[in-house]
Amino acid sequence: MSPFLSSLWSSVGKKAMMGLTGLLMIGFLVEHLIGNMLLVFAEPATFNRYAHVLTSMGGVLIVAEWILIIILAAHVVSAISVSLGKMRARPEGYKKKASAGPPSRKSVSSMTMIYTGIVLFIFLILHLNTFKYGPHYSTVVDGVEMRDLHKLVYEVFAQPGYTVGYVVIMTLLGFHLRHGFWSAFQSLGLNHPNYHKTLNTLGIFVALLLAFGFIGIPIWIYLSS
Ligand code: HEM
């Protein structure tokens, strides 16, 4: 193995990769939430036009999607490897970790990262199957024929099962981000004690913003349909 790859695959390298890819995915989620807010605050045509602009980008979109897939794969592989390493180093598992006292950052969020991560990964496959690869309704906006994604999203969240499912999964997303955000800076070595409090508060803010933002959309659509 080359020196670069072996340092990337060291325990420090894997943690840094997990942190960096996690922060990049948070960036995607912020952009995704802002775009999806059009479902609530704009006309159906505005949301469909936005989705159409994205899907019309052709090669640029394909490159962006592949970058996202590589980032996700690197995050999943490094997270699984780090978790397995921890379990091997501590064979009694998580049983005795209920409380770690005030100086520790151990919490429900930190102890369930691998489980919330697995649920989110499965969610992502189902999510893409529901929307990206779901039924293709058509509409015409300003004389241009395009996909009526707005109709699909409203149809999906008119079903209580989907809305409840999204609320539950987005709550788990909040838990995952609450620890993940703070921990990413730690893994990247950007955890100067002076910034501990700020990063911790920022982590709570980012987790609440994204979780409640994504929870609000299906609930609003369900109640308005
Ligand atoms: C209420 C919550 C959400 C709604 C309404 C929503 C809606 C959508 C829609 C309509 C699409 C299809 C876009 C298109 O084909 O042009 C999409 C794609 C996608 N969503 Fe979501 N989403 C939500 C939450 C999430 C979450 C929490 C994640 C990540 C954990 C996520 C990750 C993705 C990804 C990766 C794509 C594919 C993007 C692409 O290929 O360009 N979404 N979402």
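From a predicted model like this one, the values you see are computed outputs, not experimental measurements. (Residues numbered from 1 in each chain as written. Predicted model: local features only at pLDDT ≥ 70, side-chain atom pairs only at ≥ 80, totals over all residues.)

In this section: the overall build of the protein chain. Along the backbone of the protein chain there are 10 helices and 2 strands. Going residue by residue from the N terminus, the α and β elements of the protein chain occur as α-α-α-α-α-α-α-β-β-α-α-α. When each of the 225 residues of the protein chain is scored for burial, the buried share is 21%. (Helix = DSSP H or I, 4+ residues; strand = E, 2+ residues; numbered from the N terminus. Buried ≥ 20, exposed ≤ 12 C-beta atoms within 10 Å, placed from the backbone.)

The local shell around the ligand holds 20 residues, among which Ala 51, Phe 131, Lys 132, Phe 214 and Ile 217 are the closest. For the shell around the ligand, the elements supplying multiple residues, two or more each, are α2 (11-36), α4 (44-55), α7 (113-130), α8 (149-156), α9 (160-187) and α10 (196-224). Ranked by the residues each element gives to the shell around the ligand, the list is headed by α7, at 4 residues. For the shell around the ligand, the residue count by class is 14 nonpolar, 4 polar and 2 charged. (Near = placed C-beta within 6 Å. Nonpolar A, V, L, I, M, F, W, Y, C, P; charged D, E, K, R; others polar.)

All right, on to the nonpolar core then. Met 170, Leu 173, Leu 177, Phe 181, Ala 207, Leu 210 and Ala 211 are the most contacted members of the largest nonpolar core, which has 14 residues in total. Secondary structure elements with two or more residues in this core: α9 and α10. Top element by residues in this core is α9. It accounts for 9 residues. Excluding residues within four positions of it along the chain, Met 170 makes contact with Ala 211, Phe 214 and Ile 215. Formed by 7 residues, the second largest nonpolar core is a distinct cluster that contains Leu 39, Val 153, Phe 157 and Ile 221. (Core = buried A, V, L, I, M, F, W, Y, C linked by C-beta atoms within 7 Å. Contact = placed C-beta atoms within 7 Å.)

Let us now look at the pairing of strand β2 (residues 144-147). Relative to β2, strand β1 (residues 138-141) runs antiparallel, the two being bridged by 4 bridges. Counted as the bridge partner of Val 141 is Val 144 from β2. (Pairing = 2+ DSSP bridges.)

Time to look at the packing of α2 against α10. Relative to each other, α2 and α10 sit at 35 degrees, their axes nearing to 10 Å. For the element pair α2 and α10, the recorded crossing hand is left-handed. On α10, the residues that touch Ile 26, Leu 29, Leu 33 and Asn 36 of α2 are Val 206, Leu 210, Gly 213, Phe 214 and Ile 217. Taken together, the residues of the contact of α2 with α10 break down into 7 nonpolar, 2 polar and no charged. (Axes fitted to C-alpha atoms, helices over the stretch in contact; angles between N-to-C directions. Left-handed = near helix turned anticlockwise from the far one by under 90°.)

Before going further, it helps to examine the environment of Gly 203. Within the secondary structure layout, Gly 203 lies in helix α10. Judged by the 21 C-beta atoms lying within 10 Å of it, Gly 203 is buried. Those residues within four positions of Gly 203 in sequence are excluded, and the remaining contacts are Arg 178, Phe 181 and Trp 182.

Turning our attention to unusual backbone geometry. The backbone of Asp 142 sits at a positive phi, close to 50 degrees, despite the residue not being glycine. The residue Asp 142 is located in the loop between β1 and β2 in this model. For Asp 142, a count of 7 C-beta atoms within 10 Å puts it in the exposed group.

All right, on to the packing of α9 against α10 then. Running from N to C, α9 and α10 cross one another at 170 degrees; their axes reach a closest spacing of 8 Å. Between α9 and α10, the angle is such that the two are roughly antiparallel. Crossing of α9 against α10: the hand is right-handed. Classifying every residue of the contact of α9 with α10 gives 23 nonpolar, 5 polar and 1 charged. (Parallel < 35°, antiparallel > 145°, perpendicular 65-115°, else oblique.)

With that settled, the discussion passes to the environment of Gly 13. As for its position among the elements, Gly 13 is in helix α2. Between the C-alpha atoms of Gly 13 and Leu 188, which are 175 residues apart in sequence, the distance is 9.0 Å. Discounting residues that sit within four places of it in the chain, Gly 13 has contacts with Ser 7 and Leu 8.

The next thing to look at is α9. Taking 1.5 Å of rise per residue, 28 residues should cover 40 Å, and α9 covers 39 Å from first to last C-alpha, within 8% of that figure. Where α9 bends most, at Gly 180, the angle is about 25 degrees. Immediately downstream of α9, the backbone of Gly 189 shows phi near 80 degrees, a positive value. (Expected span 1.5 Å × (residues − 1). Bend = angle between axes of the 7 residues up to and from the residue.)

A few words now on the confidence of the model for the protein chain. Taken residue by residue, the protein chain gives an average pLDDT of 91. The fraction at 70 or more is 93%. Within the model, pLDDT remains below 50 along residues 99-103, and this stretch shows 1 contact once partners closer than five positions in the same chain are excluded. (pLDDT = per-residue confidence, 0-100.)

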